[in-house]
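Below, each chain spelled out in residue letters.
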Amino acid sequence: MDIRRVRTCEKCKTSVPLSRVRLMPKNKDASMLVCDECCSAMQTARSQNPPKKPIRNIPANVEKRQCTRCNYSFRISTTRLDLQKPVCPYCGKDDRVTNRTEVQKQSESSLPGYTAIHRRW
Ligand SMILES: [Zn+2]
Ligand SMILES: [Zn+2]
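Residues numbered from 1 in each chain as written. Chains lettered and ligands numbered in written order. Predicted model: local features only at pLDDT ≥ 70, side-chain atom pairs only at ≥ 80, totals over all residues.

Regarding the overall build of the chain
Okay, so step 1: Along the backbone of the chain there are three helices and seven strands.
Okay, so step 2: Start at the N end of the chain and walk to the C end: the helices and strands fall as β-β-β-β-α-β-β-α-β-α.
Okay, so step 3: The 121 residues of the chain split such that 10% are buried.
Okay, so step 4: Residue pairs in contact within the chain that sit at least 24 positions apart in sequence constitute 39% of those at least 6 positions apart. (Helix = DSSP H or I, 4+ residues; strand = E, 2+ residues; numbered from the N terminus. Buried ≥ 20, exposed ≤ 12 C-beta atoms within 10 Å, placed from the backbone. Contact = placed C-beta atoms within 7 Å.)

If you want it as structure tokens, here you go:
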């Protein structure tokens, strides 16, 4: 076999004739040579598994707190915890605010403090 007419598939490392070699985009800057079997396998995988983006856009550095005085749950940015004690946005006091990160089973969408706290900040 003429070696110049053969390429190695970068996916399965098999030597394939030039007629069966396909060029697939590897990322936005580079391409990779693959055999036609790997090419169709990659295309199938891409069509079946579109990249999923995380739906939640809640910042990672946010913790839940609850004011046990008025039973009011809210989220607080942990970057601000270095600056001040978390204050309940409902009653304005900080002496009954507890860490609620261990009690996250309740419905997150109905937490009333989330929008309020962002308006405040
Ligand atoms: Zn291959
Ligand atoms: Zn309160």
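A word on helix H1 (residues 36-48)
Okay, so step 1: Between the first and last C-alpha of H1 there are 18 Å, a value that for 13 residues agrees with the 18 Å anticipated at 1.5 Å per step.
Okay, so step 2: Taken across its 13 residues, H1 has zero buried, putting it largely on the surface. (Expected span 1.5 Å × (residues − 1).)

Considering the sheet that holds strand E7 (residues 97-99)
Two modes of strand pairing occur in sheets, parallel and antiparallel, and in both the strands are linked by backbone hydrogen bonds.
Okay, so step 1: In space, the three strands of this open sheet follow the order E6-E5-E7, with antiparallel pairing throughout. One side of each edge strand has no neighbouring strand; the edge strands of this open sheet are strand E6 (72-77) and E7. Strand after strand, the sheet turns through a mean of 40° between neighbouring axes, direction not considered.
Okay, so step 2: Where strand E5 (residues 62-67) lies against E6, six bridges are found, and the strand directions are antiparallel. By the bridge assignment for E6, valine 62 is matched with serine 77. (Pairing = 2+ DSSP bridges. Axes fitted to C-alpha atoms, helices over the stretch in contact; angles between N-to-C directions.)

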